[in-house]
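Reading the structure
Take a look at the letters that make up each chain.
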Amino acid sequence: ELGDDAQALKVGKRALAIFERVLPANSPEVAGVFNNLGAIQVSLGAIVEALQYFEESLDIYRKILPSNHPNLVKLEKNIQCVIRMQKQTEGDASIQ
């Protein structure tokens, strides 16, 4: 439900603020929260925001994980999917 996603976004942002205060900036936990926030934004239909969170996560993962790590590969696929969604949304808007 939309209310659940909105609540999850709120909690996720609080978690991010705490993690950023107490953990190193390039920690996998911070990257994971960015990834989760991106997924929540996709559920809310906020594609631009989702892409920003996924890219933040990707930036961290690229610094700390090998290039073939499953988390990195999965995140790159998420970003490709969100970019396709964004292009589709832009295409739908130009039709109207």
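Thresholds, definitions, all that
Residues numbered from 1 in each chain as written. Predicted model: local features only at pLDDT ≥ 70, side-chain atom pairs only at ≥ 80, totals over all residues. Heavy atoms only, no water. pLDDT = per-residue confidence, 0-100. Helix = DSSP H or I, 4+ residues; strand = E, 2+ residues; numbered from the N terminus. Salt bridge = Lys/Arg side-chain N within 4 Å of Asp/Glu carboxyl O. Patch = residues over 30% accessible without salt bridge, like charges linked within 9 Å, V, L, I, M, F, W, Y side chains within 5 Å. Areas by Shrake-Rupley, 256 points an atom, 1.4 Å probe, with all protein chains shown as cover. Lys, Arg positive; Asp, Glu negative; His and termini not counted. Charge placed at Lys NZ, Arg CZ, Asp CG, Glu CD. Core = buried A, V, L, I, M, F, W, Y, C linked by side-chain atoms within 4.5 Å. Buried < 20%, exposed > 50% of the residue type's maximum accessible area, 1.4 Å probe, protein only. Contact = heavy atoms within 4.5 Å. Expected span 1.5 Å × (residues − 1). Phe/Tyr/Trp six-rings, centres within 6.5 Å; stacked < 30°, edge-to-face > 60°.

This brings us to the confidence of the model for the protein. Per-residue pLDDT for the protein averages 91, and the proportion of residues at 70 or more is 93%. Averaged pLDDT values over the elements of the protein bottom out at 85 in helix H4 (residues 70–95) and peak at 96 in helix H3 (residues 47–64).

Take the pattern of salt bridges next. It is possible for side chains bearing opposite charge to pair when their charged atoms get close. As enumerated under the stated definition, the model contains one salt bridge in all. Among the ionic pairs, Glu 76 bridges to Arg 62, the shortest N-O distance being 3.6 Å. Of this pair, Glu 76 sits in helix H4 while Arg 62 sits in helix H3, and the two are 14 residues apart along the sequence.

Turning our eyes to something else, we now look at a negative patch on the surface. Negative charge collects at one region of the surface, where Glu 20, Glu 55, Glu 56 and Asp 59 lie side by side. The element best represented in the negative patch is H3, accounting for three residues.

So, about the nonpolar core. Of all hydrophobic cores here, the largest spans 21 residues; its most connected members are Leu 16, Phe 34, Leu 37, Phe 54, Tyr 61, Leu 75 and Ile 79. Of all the elements in the fold, those that place two or more residues in this core are helix H1 (2–22), helix H2 (28–44), H3 and H4. At eight residues, H3 tops the list of elements feeding residues into this core. Not counting chain neighbours up to four residues away, the residues in contact with Ile 79 comprise Leu 51, Phe 54, Glu 55 and Leu 58.

Attention shifts here to H3. Its 18 residues give H3 an end-to-end C-alpha distance of 26 Å, which sits within 8% of 26 Å, the value for a rise of 1.5 Å per residue. Buried within H3 we find Ile 47, Ala 50, Leu 51, Tyr 53, Phe 54, Ser 57, Leu 58, Ile 60 and Tyr 61.

Turning our eyes to something else, we now look at the packing of aromatic side chains. Counting across every chain of the model gives one aromatic pair. When the centroid spacing of 6.2 Å and the interplanar angle of 35° are considered together, the rings of Phe 34 and Tyr 53 count as tilted. Separated by 19 residues along the polypeptide, Phe 34 in helix H2 and Tyr 53 in helix H3 bring together distant segments of the chain. Assigned by exposure class, Phe 34 and Tyr 53 land together as buried.

The end-to-end C-alpha distance of H2, which contains 17 residues, comes to 24 Å, matching closely the 24 Å that a straight helix rising 1.5 Å per residue would cover. Among the residues trailing H2, Gly 45 stands out with phi positive, at a value near 80°.

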